[in-house]
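# A closer look at the structure
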Amino acid sequence: MPPGAATPDDALDDEAEAVAPAEVRALSVPPALHGERLDRTLAELVPEFSRSYLQQLVVDGAVSIDGRAASRAAHRVRAGAALGIELRPTPQSQAFRPEPMQLAVVHEDEHLLVIDKPAGLVVHPAPGNWSGTLLNGLLARDAAAAALPRAGIVHRLDKDTSGLMVVARTRLAMEARQVTRQYLAIAHRPWSGPSPVTVDAAIGRDPRNRLRMAAVDLAQSPGKPAATTFERLDSGEEGCLVQASLHTGRTHQIRVHMAHLGHPLLGDALYGGVPSAEVARQALHAFRLAFTHPLTDAVLDLRSPLPADLRAGLAEWGLRYNPDAAMARQPRPAGLVPIPAGASAAMPPPPSTGGPPTGAPPGARSRKTARR
């Protein structure tokens, strides 16, 4: 279970009872499928299931031929052979189930919630994390969430990013997408460039490593425009503390743009960072959310304190954080600085290990004020 999650014993019992029993079907290979592969035969005989799912059942020993367990999806079947198949529930089919857990709610009304997500909590079920996600907790907290797309989740945070995120409780509240989002990040290397600075560099899949994102040249690689404003809060010999304001919402945007500047986040191994004795995850916290309520027009401006591991990381590097000063900072227009192909002269070059390829689109258009 993720940090901060609590699963009572009776909840575990309820989960066990909720798992649907496997359905067993007896089939016979028709003459038309004589000599066909087992997985293709099964796909013809039980077309409501995907071939990849049926192949997995063969691997799991849930398919038999003439009473003997089948071992290969590529096995050629003969006409008249008796097939047995145990149609077991898939992880995907069990993913959207209520799972009671403790959630830190910093705001709640009849239309929406604001959650303070701990690091380690996955937001939405996906391969490798089919249970124990925020979505499962929302379904357990409010049965009405089942009627909403993604249980009302409006935007996501990475698993190891902590902080504030909006969750809708009604379909109308899902209009709350114009949200000011500010983050605190601890990064490698002393800050040496201008502050504030706005990075305007498109983000797409890293062509050298499809598991991560990168700042890309749109003339050569697919991607989407992305802009982030960074402001130095403190800097020391080991690294720096920065405040980041998003103007777009791309996957891994702050992590990619900081690595692009030569400042990979502390603990962010995917983008060239390394952990410290105190911080084992990417040092990124969504500390502020501000938006106009989509139904009441009330202005909400919510804050989250820095988690204990990041406070310890600051102390480890001798960095100071003044929450009152950070709270006083409001998003403001900042001169947009398109980062050219290659590092800016005002910034150190990107790290040689793990950093994404550099290069904003040639001739990237400058804007006098950053997008909100």
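How each quantity is defined
Numbering of residues starts from 1 in every chain and runs along the sequence as written. Where totals are concerned, whole chains, interfaces and linings use all residues; where local detail is concerned, this predicted model gives features only for residues with pLDDT of at least 70, and gives and counts side-chain atom pairs only at 80 or more. As a rule here, side-chain values come from all non-hydrogen atoms in the structure, and water together with hydrogens is ignored. Secondary structure elements are defined from DSSP: runs of H or I of at least 4 residues count as helices, runs of E of at least 2 residues count as strands, and each element is numbered from the N terminus. Here the term buried applies to any residue with accessible area under 20% of the maximum for its type, exposed to any over 50%, and partly exposed to those in between, with areas from a 1.4 Å probe on protein chains only. Between two residues, a contact is recorded if the distance between any of their heavy atoms is within 4.5 Å. What sets the accessible areas is the Shrake-Rupley method with a 1.4 Å probe; for residues, cover comes only from the shown protein chains. Salt bridges are counted wherever a side-chain nitrogen of Lys or Arg sits within 4 Å of a carboxyl oxygen of Asp or Glu. Each patch is built from residues lacking any salt bridge and having more than 30% relative accessible area; the joining distance is 9 Å for like charges and 5 Å for nonpolar side chains (Val, Leu, Ile, Met, Phe, Trp, Tyr). Lys and Arg are tallied as positive, Asp and Glu as negative. Neither His nor the chain termini are counted. Throughout, a charge is located at the NZ atom of Lys, the CZ atom of Arg, the CG atom of Asp or the CD atom of Glu. Every residue gets a pLDDT, meaning the predictor's confidence in that residue, from 0 to 100. Interaxial angle, 0 to 180 degrees, is taken between N-to-C directions of lines fitted to C-alpha atoms, where a helix line uses only the stretch in contact. What sets the label is the angle itself: under 35 degrees gives roughly parallel, over 145 gives roughly antiparallel, 65 to 115 gives roughly perpendicular, and the rest give oblique. Here is the rule for handedness: rotate from the far helix to the near one, and if that takes an anticlockwise turn smaller than a right angle the crossing is left-handed, while a clockwise turn gives right-handed. In these notes, a set of buried Ala, Val, Leu, Ile, Met, Phe, Trp, Tyr and Cys residues joined through side-chain atoms within 4.5 Å is what counts as a nonpolar core. An arc is given here, and it is the one of the directions from the helix axis to the C-beta atoms. Two strands make a pair as long as DSSP finds a minimum of two bridges between them.

## Re the overall build of the protein chain
Scanning the protein chain for helices and strands turns up 7 helices and 16 strands. For the protein chain, buried positions account for 48% of its 372 residues. In the protein chain, of all internal contacts separated by at least 6 residues, the share reaching a separation of at least 24 is 69%. Here the protein chain has roughly 17,500 Å² of accessible surface; of this, 52% comes from carbon and sulfur atoms.

## Examining the pattern of salt bridges
What the rule picks out here adds up to 17 salt bridges. Note that arginine 169 is salt-bridged to aspartate 142, the shortest N-O span being 3.1 Å. Of the two residues, arginine 169 is situated in the loop between β7 (162-168) and β8 (180-188) and aspartate 142 in the loop between α4 (134-141) and β7; the sequence distance between them amounts to 27 residues. Where aspartate 268 meets arginine 255, a salt bridge forms, and the shortest distance between an N and an O atom there is 2.8 Å. In this pair, aspartate 268 is assigned in the loop between α5 (253-260) and β14 (284-292) and arginine 255 in helix α5, connecting sequence segments 13 residues apart.

## Describing the environment of threonine 198
Residue placement: threonine 198 occurs in strand β9 (residues 197-200). Its relative accessible area of 0% is what places threonine 198 among the buried residues. Sequence separation between threonine 198 and threonine 228 is 30 residues, and the spatial gap between their C-alpha atoms is 5.4 Å.

## Let's talk about a negative patch on the surface
Taken together, the side chains of Glu237, Glu238, Glu278 and Glu316 present a region of like negative charge at the surface. Mapped onto the secondary structure, glutamate 278 falls in the loop between α5 and β14. You can call glutamate 278 partly exposed: its relative accessible area is 42%.

## A closer look at the confidence of the model for the protein chain
Mean pLDDT over the protein chain works out to 82, with 80% of the residues at or above the 70 mark. Note on residues 1-20: pLDDT under 50 across the span, and 27 contacts to partners over four residues away in sequence or across chains. Confidence drops under a pLDDT of 50 for residues 332-372, and excluding neighbours within four residues, the segment shows 116 contacts in the predicted structure.

## Points about the packing of helix α2 (residues 38-45) against helix α3 (residues 51-59)
Contact geometry for α2 and α3: axes closest at 9 Å, N-to-C directions at 125°. One element, α2, and the other, α3, form an angle in the oblique class. The hand of the α2/α3 crossing is right-handed. Residues Leu38, Asp39, Arg40, Leu42 and Ala43 of α2 touch α3, and the partners they reach there are Arg51, Leu54, Gln55 and Val58.

## A short note on the nonpolar core
In terms of nonpolar packing, the biggest core is built from 40 residues, with Tyr183, Trp191, Phe230, Ile254 and Met258 touching the most fellow members. Counting 19 residues, the second-largest nonpolar core is a separate cluster that includes Val46, Ala62, Leu83 and Ile85.

## What about helix α6 (residues 308-317)?
Considered for burial, the residues of α6 that qualify are Leu310, Gly313, Leu314 and Trp317. The buried residues of α6 occupy one face: seen down the axis, they fall within an arc of 100°. Next to the buried residues of α6 lie β8, β13 (239-246) and β14. Trailing α6 by a residue or two, glycine 318 shows a phi angle of about 70°, which is positive.

## Observations concerning the pairing of strand β5 (residues 105-108)
Two elements, β5 and strand β6 (residues 112-117), share 3 bridges in a ladder whose sense is antiparallel. Residue pairing across strands places valine 105 opposite isoleucine 115, the latter belonging to β6. Counted between consecutive antiparallel strands, the loop separating β5 from β6 contains 3 residues.

## Digging into unusual backbone geometry
One can expect most non-glycine residues to show negative phi and most peptide bonds to be in trans. Note the cis peptide between serine 195 and proline 196, where omega equals 0°. For proline 196, the position within the fold is in the loop between β8 and β9. Phi angles above zero are rare outside glycine, and arginine 189 is one such case at about 80°. For arginine 189, the position within the fold is in the loop between β8 and β9. The backbone of aspartate 297 shows a phi angle near 65°, a positive value even though the residue is not glycine. With respect to the helices and strands, aspartate 297 occurs in the loop between β14 and β15 (299-303).

## Describing α3
Every buried residue belonging to α3 is among Tyr53, Leu54, Leu57 and Val58, and all of these are buried. Taken down its axis, α3 places every buried residue within 150° of arc, on the same side. Next to the buried residues of α3 lie α2, β2 (63-65) and β4 (82-87). Where α3 ends, the next residue or the one after it, glycine 61, has phi of about 80°, a positive value.

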